[in-house]
Amino acid sequence: MSELDLKSLDPARTVVVATGNPHKVTEIEAILGPIMSDCRFVALGQLGDYPDPVEDGDTFTANALIKARSALDHTGLAMAVADDSGLCVDALDGAPGIYSARWAGQHGNDGANNQKLMQQMADVPEGQRGAHFHSSVVLVVRDEDGEEVLVGNGDCPGRIGFQPRGNNGFGYDPLFLLDDVPGKTMAELEPQQKNEISHRYRALMDLAAKLGE
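Everything numeric in this text was worked out from a predicted model, so none of it was measured.

Definitions and limits used
- Residues numbered from 1 in each chain as written.
- Predicted model: local features only at pLDDT ≥ 70, side-chain atom pairs only at ≥ 80, totals over all residues.
- Heavy atoms only, no water.
- Phe/Tyr/Trp six-rings, centres within 6.5 Å; stacked < 30°, edge-to-face > 60°.
- Helix = DSSP H or I, 4+ residues; strand = E, 2+ residues; numbered from the N terminus.
- Buried < 20%, exposed > 50% of the residue type's maximum accessible area, 1.4 Å probe, protein only.
- Lys NZ or Arg CZ within 6 Å of the ring centre and 35° of its normal.
- Pairing = 2+ DSSP bridges.
- Axes fitted to C-alpha atoms, helices over the stretch in contact; angles between N-to-C directions.
- Contact = heavy atoms within 4.5 Å.
- Patch = residues over 30% accessible without salt bridge, like charges linked within 9 Å, V, L, I, M, F, W, Y side chains within 5 Å.
- Areas by Shrake-Rupley, 256 points an atom, 1.4 Å probe, with all protein chains shown as cover.
- Salt bridge = Lys/Arg side-chain N within 4 Å of Asp/Glu carboxyl O.
- Lys, Arg positive; Asp, Glu negative; His and termini not counted.
- Charge placed at Lys NZ, Arg CZ, Asp CG, Glu CD.
- Arc of directions from axis to C-beta.

Draft legend 1. Representation of the packing of aromatic side chains in the model. Considering all chains together, one arrives at one aromatic pair under this definition. Ring geometry for F133 against F176: centres 4.5 Å apart, planes inclined by 55°, an arrangement best described as tilted. Residue F133 is located in strand β4 (residues 130-143), and its partner F176 is located in strand β6 (residues 176-178); the two are separated by 43 residues in the primary sequence. You can call F133 buried: its relative accessible area is 5%. F176 gets classed as buried once you look at its relative accessible area, which sits at 0%. Between the NZ or CZ atom of R129 and the centre of the ring of F162, over which it lies, the distance is 3.8 Å.

Next comes the structure, spelled out in structure tokens:
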């Protein structure tokens, strides 16, 4: 991912995406770009090596807001997009939820998180293994009058499998069986197919609809 000189950017026409992942920027720009056609989308990671904020919100939206506001604080730009996502399991009262990435104790340890999920769900019968992925995407715009926040939300329904399957994706994808593609886990989908039905895609479409109002 190429580095950019922050001073070379037009603050009124630049949207900083609170991520270091260029693929996420591409996905976000593809959906929001046609509505914000005079804006350039850049990853926070292209502008410098900034510390991650403490995500201590109690909802997906709250944590997404923390990330977007932190990106604006660090860069001084006027517009930021951030998302927060997770897995919500019915039989576990919505857990792991906002703690999805660090459920087993170490942030981003997919293997440990999936192992914990299988252990927690070991005695749950087939008909009670419902779950969904949720994503909240926020756009924060600052000016001299204050701050405007728009939020998009999206869900991807399914259920938890008994054993992991598939080599694509990340996180809980190998254990998540999709309602939209019966018989397949999220990790068995090709990236393009996943992007077309994912919770983040649906959250971005929801945000785009609000921007277009």
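Draft legend 2. Region of the structure containing the sheet that holds strand β5 (residues 146-160). The strand order across the open sheet formed by six strands is β2-β1-β3-β4-β5-β6, and the pairing between neighbours is mixed. The open sheet is flanked by β2 (40-43) and β6, the only strands paired with a single partner. Across the sheet, the mean angle from the axis of one strand to that of its neighbour is 35°, orientation sign disregarded. In the sheet, strand β1 (residues 14-17) pairs with strand β3 (residues 79-89) via three bridges, with the strands oriented parallel. Its bridge partner lying in β3, V17 is registered against V81. Against the sheet, helix α5 (residues 199-211) engages β3, β4 and β5, with an angle of about 145° to β5.

Draft legend 3. Main features of a negative patch on the surface. A surface patch of like charges, here negative, comprises D143, E144, D145 and E148. Position of D145 relative to the elements: it lies in the loop between β4 and β5. The exposed category is assigned to D145, whose relative accessible area is 71%.

Draft legend 4. Region of the structure containing helix α3 (residues 110-120). Along α3, the positions that sit buried rather than exposed are N113, N114, L117 and M118. One side of α3 holds all its buried residues, which, seen down the axis, span an arc of 135°.

Draft legend 5. Here's a closer look at the pattern of salt bridges. Applying the stated criterion to the full structure yields 13 salt bridges. Measuring nitrogen to oxygen at the nearest pair gives 3.0 Å for the salt bridge that ties E188 to R165. Taken together, the positions of E188 in the loop between β6 and α4 (191-197) and R165 in the loop between β5 and β6 put the pair 23 residues apart, joining distant regions of the chain. Classification of R165 by relative accessible area gives partly exposed; the value is 35%. A salt bridge links K194 to D173; its shortest N-O distance comes to 2.6 Å. Residue K194 is found in helix α4, and its partner D173 is found in the loop between β5 and β6; the two are separated by 21 residues along the sequence. A single burial state applies to K194 and to D173, both of which are buried. Residues joined by salt bridges that share partners form a network here, namely R69, D73, R142 and E147.

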